[in-house]
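Listed below, chain by chain, are the residues.
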Amino acid sequence: MPLHAILLEAVRVARSPVWMPPDGASHGPALDHLMRWNLIAFCLCFLVAHAWLIAAVLRKRTPKRSMAPNALPWIILIALCAMYVWMAVTAQRLWAENRFVGPAPAAMQIEVVGEQFQWYFRYPGEDAAFGTTRPELANAAEGNPLGLDVRDARGKDDVVSSVLVLPVGREADLRLRSLDVIHGFFVPGMRLKENAVPGLVLHVHFTPSVIGTYPILCSQVCGSGHARMQAMLSVVSQAEFQEWLAARGRARIEEGAP
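Basis of the calculations
- Residues numbered from 1 in each chain as written.
- Predicted model: local features only at pLDDT ≥ 70, side-chain atom pairs only at ≥ 80, totals over all residues.
- Heavy atoms only, no water.
- Buried < 20%, exposed > 50% of the residue type's maximum accessible area, 1.4 Å probe, protein only.
- Helix = DSSP H or I, 4+ residues; strand = E, 2+ residues; numbered from the N terminus.
- Pairing = 2+ DSSP bridges.
- Lys, Arg positive; Asp, Glu negative; His and termini not counted.
- Salt bridge = Lys/Arg side-chain N within 4 Å of Asp/Glu carboxyl O.
- Polar contact = N/O pair within 3.5 Å; in protein donor to acceptor, adjacent residues only side chain to side chain.
- Contact = heavy atoms within 4.5 Å.
- Axes fitted to C-alpha atoms, helices over the stretch in contact; angles between N-to-C directions.
- Core = buried A, V, L, I, M, F, W, Y, C linked by side-chain atoms within 4.5 Å.
- Phe/Tyr/Trp six-rings, centres within 6.5 Å; stacked < 30°, edge-to-face > 60°.

> Describe the pairing of strand β2 (residues 118-123), naming the residues involved and giving the relevant values.
Within β2, 5 of the 6 residues are buried, leaving the element largely enclosed by the surrounding structure. In this sheet, β2 lies alongside strand β1 (residues 108-115) in antiparallel orientation, the contact comprising 5 bridges. Paired with valine 113 across the two strands is tyrosine 120, which belongs to β2. Linking two consecutive strands that pair antiparallel, namely β1 and β2, is a turn of 2 residues.

> Explain the side chain of glutamate 171 residue by residue, including any values.
With respect to the helices and strands, the residue glutamate 171 is situated in the loop between β4 (164-167) and β5 (172-178). No salt bridge is formed by the buried glutamate 171; its nearest oppositely charged neighbour, arginine 170, is found at 8.3 Å. For glutamate 171, the side chain forms a polar contact with the side chain of histidine 205, separated by 2.8 Å. Beyond its immediate stretch of four places on either side in the chain, glutamate 171 contacts Pro103, Ala104, Ala107, Met108, His205, Phe206 and Thr207.

> Tell me what's going on with the sheet that holds β5, and back it up with residues and numbers.
Ordered in space as β3-β2-β1-β5-β8, the 5 strands form an open sheet in which the pairing is mixed. The strands lining the two open edges of the sheet, one partner per strand, are β3 (159-161) and β8 (202-206). Averaged over all pairs of adjacent strands, the angle between their axes in this sheet comes to 25°, without regard to strand direction.

> Lay out the pattern of salt bridges with the relevant residues and their values.
Applying the stated criterion to the full structure yields 8 salt bridges. Between arginine 177 and glutamate 111 there is a salt bridge, with its nearest N and O atoms 2.8 Å apart. Residue arginine 177 is found in strand β5, and its partner glutamate 111 is found in strand β1; the two are separated by 66 residues along the sequence. By the burial criterion, arginine 177 is buried, and glutamate 111 matches it.

> Describe in detail the sheet that holds strand β7 (residues 192-196), supporting the description with residues and values.
With mixed pairing, the 5 strands of this open sheet are ordered in space as β4-β10-β9-β6-β7. Because the sheet does not close on itself, it has two edges, and the strands there are β4 and β7. Going across the sheet, the axis of each strand differs from the next one's by a mean of 20°, ignoring polarity. Both strand β9 (residues 212-218) and strand β10 (residues 231-236) contribute to a ladder of 5 bridges, which runs antiparallel. Within β10, the position partnered with threonine 213 by the bridge is serine 234.

> Go over the pairing of β10 with me, naming the residues and quoting the values.
The buried fraction of β10 amounts to 5 of the 6 residues, a majority that puts the element mostly inside the structure. As paired strands, β4 and β10 are joined by 4 bridges and run parallel to one another. Bridge pairing in β10 places leucine 166 opposite valine 235.

> Tell me about the nonpolar core, residues and numbers included.
Among the nonpolar cores identified, the biggest contains 31 residues, and Leu174 and Phe185 are the most heavily contacted of them. For this core, the element with the highest residue contribution is β10, accounting for 4 residues. Residues contacting leucine 174, with those up to four places away along its chain left out, are Ile110, Val112, Phe185, Leu192, Leu202, His203, Val204 and Phe206. Grouped together as the second largest cluster of nonpolar side chains are 5 residues, Val113, Tyr120, Leu146 and Leu148 included.

> Just give me the short version of the packing of aromatic side chains, but keep the residues and values in it.
Taken as a whole, this structure holds 5 aromatic pairs when the rule is applied. Seen in terms of ring centroids, tyrosine 123 and phenylalanine 241 are 6.1 Å apart; in terms of plane orientation they differ by 50°. Their pairing is tilted. Here the residue tyrosine 123 occupies a position in strand β2, and phenylalanine 241 occupies one in helix α4 (residues 238-255), the gap between them amounting to 118 residues. For tyrosine 123, a relative accessible area of 3% gives the class buried. Using a relative accessible area of 2% as the deciding quantity, one classes phenylalanine 241 as buried. Centre to centre, the rings of tyrosine 123 and tryptophan 244 are 5.3 Å apart; their planes meet at 65°, and the pair counts as edge-to-face. Placement of the pair is tyrosine 123 in strand β2 and tryptophan 244 in helix α4, with a sequence separation of 121 residues.

Remember that the coordinates give geometry; whether it matters functionally is a separate question.
Structure below.
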């Protein structure tokens, strides 16, 4: 295959959505754009380096007639350095927007808890405050997997779910923690990944922009049941979200859960 055809194919693959799941978050297009450029740049460097090596092997040796420096290697080196600096700066800016810049005050607060081998999602209820949890109270069989303390009035309206439900177009601030080992909260369709570490509360925020369902995985090998540690993110309209949250609250009261 000619070199120009290989380059065109590399660009086509990089621009194709097939190699990644559809994006459902507002920050996704910028991240996908950077990843496409990374793939194109790496393909070009790979092809140029190997073409250079092959040319060096096949080139006939001739006596050197001049010791004048060749400008081409320096031009290529400067271009590569400029490209990598641009990629590093762009990647750092995208990382800072999700990790170093805090969410808006109106962002929805949700707690994400990882435990072998299950994800739990807690909503603070109408008082917008999370109730106290105590590890010794955690008992999934009795309907209290997170160990909610019934003596704390702030936790009486907390809603715990095994499915993460979010309204489209509203920013969500996730506070991640783990009850046992390190888990990796990974939502490929939202271009989102963050660890849940025992003893720490880590935050990550994003805005879902496309209604639909997205798989939630664990990106850290957390034990023998690691492959089973999956959940679903459901992005719905604001009205559907309010109906779901109200229904979960009523069911919690009827069941008499802590």
